[in-house]
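# Structural overview
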Amino acid sequence: MEKEIIKKICFVQPRAYYLFNKDIKAPDKVGGAQKQHYLQSIELAKYQEFDVHFLVADFGQKEIEIHQKVTLWKSFNFKDNIFKRVIDLLKVLKKIDAAIYIFRSADAGVAFAILYINYVLRKKVLYQISSDSECSNKELKNKSGYLTAILMSFAYKKADILTAQSENQKKQFEQNRKITIQEIIRNIIEIPEKINRTEESILWIGRLDKVKYPELFLDLAKQYPHEQFVMIAPVVQDDISYGNKIKKKIEKISNIQHFEYVKPNEINHYYQKAKIYVITSYKEGFSNTMTEAMANACPVLSFNVNPDDVFTKHQAGYFAEGSEKLFFKLIDDFLINKNINKSVENASAYLKKYHNKNAIITSLIKQIK
């Protein structure tokens, strides 16, 4: 019997080191992309036919470390200038010498690395679309800038495999960009072993970013002065002035408790303490925080995002359809009128059907092979 060839694959997600090493604080600009690549890598590492590697940034760790059977490679330091970062990144990509490199999230650096791997290293690239803003050049330019939009338009075409997070995302991307998505790879959702709900606060989690529209949550806190609100919200380097402006506003609202960082292994505690989880974003991909709330039996209210009609067709939460008037009415119905639907039960059923870890990893393996 012919011996199966071991595939060497490498995830490229520089900010994800904090998920492997829980002793360090997460850098800014982290979220679902980092968590999904972390979960995918440790699951693939359980299979003997894969040699799994992971490129991370320099956080003072050793050059090479092994965590949960995944080999971590230290590359550039975020404190260095852009030219040194690029050179260090390319050196490590070449040194790893994987057969397949896996990326997620649009960025000028990501696009450059994909083109380098394709044209210079002559290796394969699997790219996972993260945000719905990637579905059109105009929206990506608005979100991430002109350079990222231009470079990513080439990178999408050069990737050997493209995956989307949802049916809606796949449809939008293919319609606008005329590029085929090969597979839908949904987010892996970890269900806590024990859920102890206390329902003390109204919760918001996200970067202090304009697209997240945190101002709406602040207005909500002002309207309900007797309710307790919690924000887990870091300022990001991409827009420090905006983040600091929102921080100052938060400080003036006495019923908001603000945390810039919570360790990944402690986040479920906040979902379980929440009466309801609120998403105020104008745009999202398939929000990790939304599904984490669902996994913790916490009701979800979304202002403007409804991926794959999860709130309407599947009735897994409350959806304001982009209307602030409806948003506040739904909160009134939930908090004052106690008009609570079966969204938590529906959300649990939805996660079991669409976010089954084994099925997701099987789809990913099919594309890798």
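## Focus: the pattern of salt bridges
Under the counting rule described, the total for this entry stands at 21 salt bridges. Taking the shortest distance from any N to any O, the salt bridge between E43 and K357 comes out at 3.4 Å. Taken together, the positions of E43 in helix α2 (residues 32-44) and K357 in helix α14 (residues 357-368) put the pair 314 residues apart, joining distant regions of the chain. On the basis of relative accessible area, K357 is assigned to the partly exposed category, the value being 34%. With a shortest N-O distance of 3.3 Å, K74 and E63 are connected by a salt bridge. Of this pair, K74 sits in strand β4 (residues 70-74) while E63 sits in the loop between β2 (50-56) and β3 (64-67), placing them 11 residues apart in sequence. You can call K74 buried: its relative accessible area is 14%. E63 gets classed as exposed once you look at its relative accessible area, which sits at 52%. When salt bridges that share partners are traced, they join K35, E190 and E292 into one network.

## Digging into the pairing of strand β1 (residues 7-12)
Alignment of β1 against β2, held across six bridges, turns out to be parallel. Bridging across to β2, I9 finds its partner in V52. As judged from the three bridges shared by β1 and strand β5 (residues 100-104), these two strands associate in the parallel manner. Paired with C10 across the two strands is Y101, which belongs to β5.

## Describing a nonpolar patch on the surface
On the surface, Y146, I150 and F154 cluster together into a nonpolar patch covering about 330 Å² of accessible area. Mapped onto the secondary structure, I150 falls in helix α6 (residues 146-158).

## Topic: the pairing of β5
Across the five residues that make up β5, a large majority, five, are buried. Because side chains alternate across β5, one face comprises the buried residues I100, I102 and R104, and the other comprises Y101 and F103, equally buried. As for the winding sense of the linkage, the β-α-β connection from β5 through helix α4 (residues 108-121) to strand β6 (residues 124-128) is right-handed.

## Thoughts on the sheet that holds β1
Each strand in a sheet pairs with another by means of backbone hydrogen bonds, the pair being arranged parallel or else antiparallel. Reading across from one edge, β3-β4-β2-β1-β5-β6-β7-β8 is the order of the eight strands in this open sheet, with mixed pairing throughout. Looking along the sheet, the strands with just one partner apiece sit at the ends: β3 and β8 (183-184). Across the sheet, helix α3 (residues 82-96) touches β1, β2, β4 and β5, and the angle it forms with β2 is around 170°. Helix-sheet contacts for α4 involve β5 and β6, and the interaxial angle to β5 is about 165°.

Rules behind the numbers
Residues numbered from 1 in each chain as written. Predicted model: local features only at pLDDT ≥ 70, side-chain atom pairs only at ≥ 80, totals over all residues. Heavy atoms only, no water. Salt bridge = Lys/Arg side-chain N within 4 Å of Asp/Glu carboxyl O. Helix = DSSP H or I, 4+ residues; strand = E, 2+ residues; numbered from the N terminus. Buried < 20%, exposed > 50% of the residue type's maximum accessible area, 1.4 Å probe, protein only. Pairing = 2+ DSSP bridges. Patch = residues over 30% accessible without salt bridge, like charges linked within 9 Å, V, L, I, M, F, W, Y side chains within 5 Å. Areas by Shrake-Rupley, 256 points an atom, 1.4 Å probe, with all protein chains shown as cover. Right-handed = clockwise from strand over helix to strand, strands pointing away. Contact = heavy atoms within 4.5 Å. Axes fitted to C-alpha atoms, helices over the stretch in contact; angles between N-to-C directions.

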